[in-house]
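Reading the structure
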There are 2 protein chains.
Amino acid sequence: MYYLNNDGSGTLVELSHYLGVEKPTVTRTIAKLEEMGYLEPVPTKDKREKRMQLTDTGRKVYQEVRVTIDEFEQDILKGISEEEQLEGIRLMSLIRKNLMQGEL
Amino acid sequence: MYYLNNDGSGTLVELSHYLGVEKPTVTRTIAKLEEMGYLEPVPTKDKREKRMQLTDTGRKVYQEVRVTIDEFEQDILKGISEEEQLEGIRLMSLIRKNLMQGEL
DNA sequence: AGTAATAGTTATCTACAGTAACTAATTATG
DNA sequence: CATAATTAGTTACTGTAGATAACTATTACT
């Protein structure tokens, strides 16, 4: 939902790349979110692909959940300065990059 | 195995606290490791508890695996200085502490 | 002695993800 | 242009990791 909220819409393959999971995982997750009424398909030329976007309800729910997540993050980052947070993110990104290198 | 290697022996409850998981999870894991011949029970007074320790094979296997893990860690920490690593650990510990606070 | 609490087990359930094999649609090739 | 190769998504099956609830056996408390 985060990805679709920022990016407007996306195909299952785009999502699987973004999330770093396999296609069947995305299929299942999308199916659930569609059932719940948070996602809807966008018609495209290519009849193979299934491009999805947030519904109005989906966008509303996302915003609500976003607040909860932000509060949670504030909570667990209590006592950690902005610079420290950025440094932490930098280190994690480096480790992720090193991990990527390894798993070709 | 890390815990038992450093601590000599431990009961299932000790392990579940150390690992932060429930007792059934430990029961199953221990059972598997015992089957594989890496763990053995240590007799105790209290007939309820099941105190476990590494077997000779277990210790040997642990050392071998340890090498692999260390190599892996070196690999994913490439380009990150000792001080940066310590800072990262400090930040993660802080976050963990904040998480603990919340989930009472 | 009789009740509480503790250690471990069993059975059942859920979340989350992967692989293999497939269909349908589109691109590329000869 | 027809066929081969690729791409997007789905289905079926499997595995891992963990949780909760209900239970037994043992020990501690009053």
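Refer to the preceding data block for the structure.
The shown structure was predicted, so the numbers you read here are calculated from the model rather than taken from an experiment. (Residues numbered from 1 in each chain as written. Chains lettered and ligands numbered in written order. Predicted model: local features only at pLDDT ≥ 70, side-chain atom pairs only at ≥ 80, totals over all residues. Heavy atoms only, no water.)

1. What to know about the protein's contact with DNA strand D
Put simply, the rule reads: When at least one non-hydrogen atom of a residue lies within 4 Å of a molecule or strand, that residue is treated as near it. Here a polar contact means two N or O atoms within 3.5 Å. Within protein one must be a hydrogen donor candidate and the other an acceptor candidate, and residues neighboring in sequence count only if both atoms are side-chain atoms. Note on conventions: DSSP H or I runs of at least 4 residues are helices, E runs of at least 2 residues are strands, and numbering of each starts at the N terminus. Note on residue classes: Ala, Val, Leu, Ile, Met, Phe, Trp, Tyr, Cys and Pro are nonpolar, Asp, Glu, Lys and Arg are charged, and everything else, Gly too, is polar.
Residues in contact with DNA strand D amount to 18 residues; listed here are only the nearest, Val13, Lys23 and Lys50 of chain A together with Glu22 and Lys47 of chain B. Separating a phosphate oxygen of DNA strand D from a side-chain N or O atom of Thr25 of chain B is a distance of 3.1 Å. Between DNA strand D and Lys47 of chain B there is a distance of 2.5 Å, counted from a phosphate oxygen to a backbone nitrogen or oxygen. Elements with a minimum of two residues in the surface near DNA strand D: α2 (12–19) and α3 (23–35) of chain A together with α3 (23–35) of chain B. Residues belonging to the surface near DNA strand D are distributed by class as follows: 5 nonpolar, 3 polar and 10 charged.

2. Things to note about the interface of chain A and chain B
Rules: Residue contacts follow a heavy-atom distance rule, with two residues in contact if any of their heavy atoms lie within 4.5 Å. The buried area of a pairing is the accessible area, by a 1.4 Å probe, that goes missing from both parts when the two are put together, added over both. Definition used for salt bridges: Asp or Glu carboxyl oxygen within 4 Å of a side-chain nitrogen of Lys or Arg.
With 17 residues of chain A in contact, the opposing surface of chain B contributes 17 residues. Carbon and sulfur atoms supply 70% of the area that chain A and chain B bury against each other, a total of about 1,300 Å² over both sides. Considering only the side of chain A, the residues that lose the most area to chain B are Ile76, Leu91 and Asn98 of chain A, jointly responsible for 33% of the buried surface there. The tally of links between chain A and chain B comes to 2 salt bridges. Between Arg90 of chain B and Glu84 of chain A there is a salt bridge, with its nearest N and O atoms 2.6 Å apart. The interface formed by chain A and chain B contains 6 residue pairs in polar contact (both at pLDDT 80 or more). Within the residue set of the side of chain A that touches chain B, elements represented by two or more residues are α4 (56–76) and α5 (82–102) of chain A. Per-element tally for the side of chain A that touches chain B: the top contributor is α5 of chain A, with 10 residues. In terms of residue class, the side of chain A that touches chain B is made up of 9 nonpolar, 3 polar and 5 charged.

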